[in-house]
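# Summary of the model geometry
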Amino acid sequence: MTNEEKEIFQLARPHLQVMSNELHTVEVVGFCLRLMQSVGGDRHIVIPAAILHDTGWAKIPEKVSQKIRIPDGEKESIKVHEEISALIAELILRDVNYDRAYIDEIIAIIIGHDSRRQPLSLNDKIVKDGDKLSRFSKRFLPIWPQWGDGAEAKDLFGALSHGVKNWFFLSDSRKMATHELRHRMAESRSRLENL
């Protein structure tokens, strides 16, 4: 990350201390960086949006957030964390004197990163796909089912296989997800064999 991105991340950190969001955010940023290497995108927009997209969960009571995160949860309520995340993002980006032109697009991405079905731009596709790709990462995969929106642990690989086909906007994201899923499945088999 650049120094400016590190500063944004440090200001976001207090808002990422619920639901393993700090780890999730690190994974999302990593996947977004990888995607930008192959598909392009504007780093000034993608990385701050990736860092700040879930900061709003910290302001939502756990009982409420669990109802939102379950499969087929309250779709309109999902907007609550997006709207709060957008407000937090605006404050943090202003605090670091971020360029206003970038802030507007970052906020637009954050305000619909889960609820908006059609992406606004390539930058939005990268953030949306990076968010979903985090579920495939070695470090975050064991945590994802505990979020409430994940699959039951017993059907984790089935849910991820379904996700490869249905979650992504970019073909590069599907390739990455397929690659990551193969690795997670091989790691799981290896653990079972070593029991």
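Right, let's walk through the structure included here. Just so it is clear, the model here is predicted, and its values are computed rather than measured.

One finds Ile-8, Ile-51, Leu-52 and Phe-136 to be the most contacted residues of the largest nonpolar core, which totals 43 residues. Put simply, the parts of the chain that give this core at least two residues each are α1 (3–12), α2 (21–39), α3 (43–52), α5 (75–95), α6 (100–110), α7 (122–133), α8 (156–166) and α9 (171–193). A total of 7 residues in this core trace back to one element, the largest contributor, which is α3. When near neighbours in sequence (up to four residues on either side) are disregarded, Phe-136 contacts Leu-160, Val-164, Trp-167, Phe-168, Ala-177, Glu-180, Leu-181 and Arg-184.

Attention shifts here to the packing of aromatic side chains. With the rule as written, the count across this model stands at 4 aromatic pairs. Taking 5.9 Å as the distance between ring centres and 50° as the angle between the ring planes, the aromatic pair formed by Tyr-98 and Tyr-102 counts as tilted. Assessed through its relative accessible area of 8%, Tyr-98 is described here as buried. When the ring of Phe-136 is compared with that of Trp-167, the centres are 6.0 Å apart and the planes differ by 75°; the resulting orientation is edge-to-face. Here Phe-136, found in the loop between α7 and α8, pairs with Trp-167, found in the loop between α8 and α9; they are 31 residues apart in sequence, far enough to count as distant. No difference in accessibility class separates Phe-136 from Trp-167, as the two residues are buried. One aromatic cluster is present, formed by Phe-136, Trp-167 and Phe-168 through successive ring pairs.

Criteria and cut-off values
What you see as residue numbers is a count from 1 along each chain, following the sequence as written. Since the coordinates come from a predicted model, pLDDT governs what is reported: local features require at least 70, and pairs of side-chain atoms require 80 or more to be given and counted, while whole-chain, interface and lining totals use all residues. Derived side-chain values reflect all non-hydrogen atoms in the structure, with water molecules and hydrogen atoms excluded from consideration. Nonpolar core, defined: a set of buried Ala, Val, Leu, Ile, Met, Phe, Trp, Tyr and Cys residues in which side-chain atoms within 4.5 Å join the residues together. The cut-offs for exposure are 20% and 50% of the maximum accessible area for each residue type, with area from a 1.4 Å probe on protein chains only; residues under the lower value are buried, those over the upper are exposed, and the others partly exposed. In DSSP terms, a helix is any run of H or I states spanning at least four residues, a strand is any run of E spanning at least two, and both are numbered starting from the N terminus. Two residues qualify as a contact provided that any one of their heavy atoms is within 4.5 Å of a heavy atom in the partner residue. Only the six-membered ring of Trp is used, alongside the rings of Phe and Tyr, when aromatic pairs are assigned; centres must lie within 6.5 Å, and planes under 30 degrees apart are stacked while those over 60 apart are edge-to-face, with the rest tilted.

Any functional reading would require information that these geometric values do not contain.
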